[in-house]
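# Analysis of the macromolecular model
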Amino acid sequence: MTALHIVPAGPAESAVLSALYESAFGEAWAPDQLAQLLAGPGVFALIGLDDAGVPAGYALGRVAADEAELLSIALLPDHRRRGEGRLLLDALMERSAAAGAATLFLEVAIDNAAALTLYRAAGFREAGRRKGYYKVGTTTVDAIVMKRELAPG
Ligand SMILES: CC(C)(COP(=O)(O)OP(=O)(O)OC[C@H]1O[C@@H](n2cnc3c(N)ncnc32)[C@H](O)[C@@H]1OP(=O)(O)O)[C@@H](O)C(=O)NCCC(=O)NCCS
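Remember, predicted model here, so these are calculated numbers, not experimental data. (Residues numbered from 1 in each chain as written. Predicted model: local features only at pLDDT ≥ 70, side-chain atom pairs only at ≥ 80, totals over all residues. Heavy atoms only, no water.)

The next subject is the overall build of the protein. The helix and strand inventory of the protein stands at 4 helices and 7 strands. Helices (α) and strands (β) of the protein occur, in sequence order from the N terminus, as β-α-α-β-β-β-α-β-α-β-β. The C-alpha atoms of the protein give a radius of gyration of 15 Å, which matches the 15 Å a tight globule of 153 residues would have. Counting only C-alpha atoms and orienting by the principal axes, one finds that the protein spans roughly 40 × 40 × 35 Å. For the protein, with 153 residues in total, the buried portion stands at 40%. Counting contacts in the protein only where the partners sit at least 6 residues apart, residues at least 24 apart contribute 59% of the total. Of the roughly 8300 Å² of accessible surface on the protein, a fraction of 54% belongs to carbon and sulfur atoms. (Helix = DSSP H or I, 4+ residues; strand = E, 2+ residues; numbered from the N terminus. Rg over C-alpha atoms; globule rule 2.2 N^0.38 Å. Buried < 20%, exposed > 50% of the residue type's maximum accessible area, 1.4 Å probe, protein only. Contact = heavy atoms within 4.5 Å. Areas by Shrake-Rupley, 256 points an atom, 1.4 Å probe, with all protein chains shown as cover.)

This is the structure we're talking about:
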């Protein structure tokens with residue numbers, strides 16, 4: 001059974017978000033940089049807590065006028081493939097629509113099968129490509145830009 005309790009987060013939770021990011025991606029995102037991002041206009045964060053109240057994943061978004069962007073989403077490795085990514089994404093879409101967004105955009109690396117499957121299953125469609133968008137070591141990976149209309153919040 002999937003159980004994830006999703007709560008809003010802000011700059012005060014930047015250390016928790018930074019730790020989740022590092023566990024998920026294996027690289028650092030400094031808490032002070034995250035806090036600065038979270039203090040920016042239209043930026044919001046959601047944290048998914050497991051049954052014991054322990055942070056298991058997050059989603060970061062930004063809303064500007066009627067457009068929203070998924071900035072980052074991740075789960076700890078042992079929480080994947082249980083539908084929890086979909087729960088976080090649904091919550092982010094709901095929060096974006098409630099803030100007035102009609103469309104949600106995101107970028108995903110062309111080789112990220114898990115994320116691509118999640119986004120396609122959630123109704124996102126390809127809207128473009130960005131060549132060499134992600135740096136991986138000494139090479140680059142293209143990004144697919146995806147978008148989805150949101151139901152009014
Ligand atoms: C991307 C991520 C958030 C997906 O979360 P998740 O909880 O594993 O996804 P879900 O269990 O909700 O699965 C959603 C769909 O993707 C599929 N899926 C999940 N992992 C998959 C994988 N490794 N390969 C193929 N499909 C996968 C599921 O089967 C499901 O499809 P369905 O709805 O057709 O059954 C998670 O894999 C993750 O944290 N990855 C590392 C961070 C990352 O890459 N973030 C995205 C870029 S910012």
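Let's pick the thread back up.
Right, let's get into the layout of surface pockets. What the largest pocket holds in volume is close to 1300 Å³. Taken together, 37 residues make up the lining of the largest pocket; nearest its centre are F25, I73, N112, A115 and Y119. Only α1 (14-25), β4 (67-75), α3 (84-98), β5 (103-109), α4 (113-121) and β6 (125-136) provide two or more residues apiece to the lining of the largest pocket. No other element matches the 7 residues that β4 contributes to the lining of the largest pocket. Looking at the lining of the largest pocket residue by residue, the class counts come to 20 nonpolar, 7 polar and 10 charged. (1 Å grid on protein atoms, 1.4 Å probe; cavity = no way out; pocket = protein on both sides within 12 Å on 5 of 7 lines; lining within 4 Å. Points joined across faces, edges and corners; volume = space filled by probe spheres on them. Nonpolar A, V, L, I, M, F, W, Y, C, P; charged D, E, K, R; others polar.)

Turning our eyes to something else, we now look at the sheet that holds strand β1 (residues 5-9). Sheet architecture is open: 7 strands sit in the order β1-β2-β3-β4-β5-β7-β6, paired in mixed fashion. Every interior strand has two partners, whereas the edge strands, β1 and β6, have only one. Averaged over all pairs of adjacent strands, the angle between strand axes in this sheet comes to 25°, irrespective of strand direction. Pairing of β4 with β5 involves 4 bridges; the strand directions are parallel. Each residue of the ladder has a partner; that of L70, found in β5, is L106. Contacting β1, β2 (43-49), β3 (55-64), β4, β5 and β7 (139-149), α3 crosses the sheet at an angle of about 155° to β4. (Pairing = 2+ DSSP bridges. Axes fitted to C-alpha atoms, helices over the stretch in contact; angles between N-to-C directions.)

This paragraph deals with the nonpolar core. When a protein is soluble and globular, its nonpolar side chains tend to lie buried together. Formed by 27 residues in total, the largest nonpolar core has its most connected members in L70, L89, L104, V108, Y119, F124 and M146. Broken down by secondary-structure element, the contributors of at least two residues to this core are β2, β3, β4, α3, β5, α4 and β7. Examining the composition of this core, we find that 5 residues originate from one element, α3, more than from any other. The residues touching V108, leaving out its near neighbours within four places in the chain, are A115, L116, Y119, Y134, D142, A143, I144 and M146. Among the nonpolar cores identified, the runner-up in size contains 16 residues, and L20, A24, W29 and L76 belong to it. (Core = buried A, V, L, I, M, F, W, Y, C linked by side-chain atoms within 4.5 Å.)

As enumerated under the stated definition, the model contains 6 salt bridges in all. With its nearest N and O atoms 3.0 Å apart, the salt bridge here joins E84 to R82. Taking the relative accessible area as the measure of exposure, E84 reaches 1% and is therefore buried. Where E126 meets R129, a salt bridge forms, and the shortest distance between an N and an O atom there is 2.7 Å. On the basis of relative accessible area, E126 is assigned to the partly exposed category, the value being 42%. (Salt bridge = Lys/Arg side-chain N within 4 Å of Asp/Glu carboxyl O.)

Next up on the list: the packing of aromatic side chains. Inspection of every chain in the model, using the stated rule, returns 4 aromatic pairs. A ring pair is formed by Y21 and F25, whose centres lie 4.7 Å apart and whose planes are at 40°; its orientation type is tilted. With Y21 and F25 both in helix α1 and 4 residues apart, this pair spans about one turn of that helix. A connected cluster of aromatic rings, assembled from ring pairs, spans Y21, F25 and W29. The ring of F44 is capped by R95, whose NZ or CZ atom sits 4.3 Å from the centre of that ring. (Phe/Tyr/Trp six-rings, centres within 6.5 Å; stacked < 30°, edge-to-face > 60°. Lys NZ or Arg CZ within 6 Å of the ring centre and 35° of its normal.)

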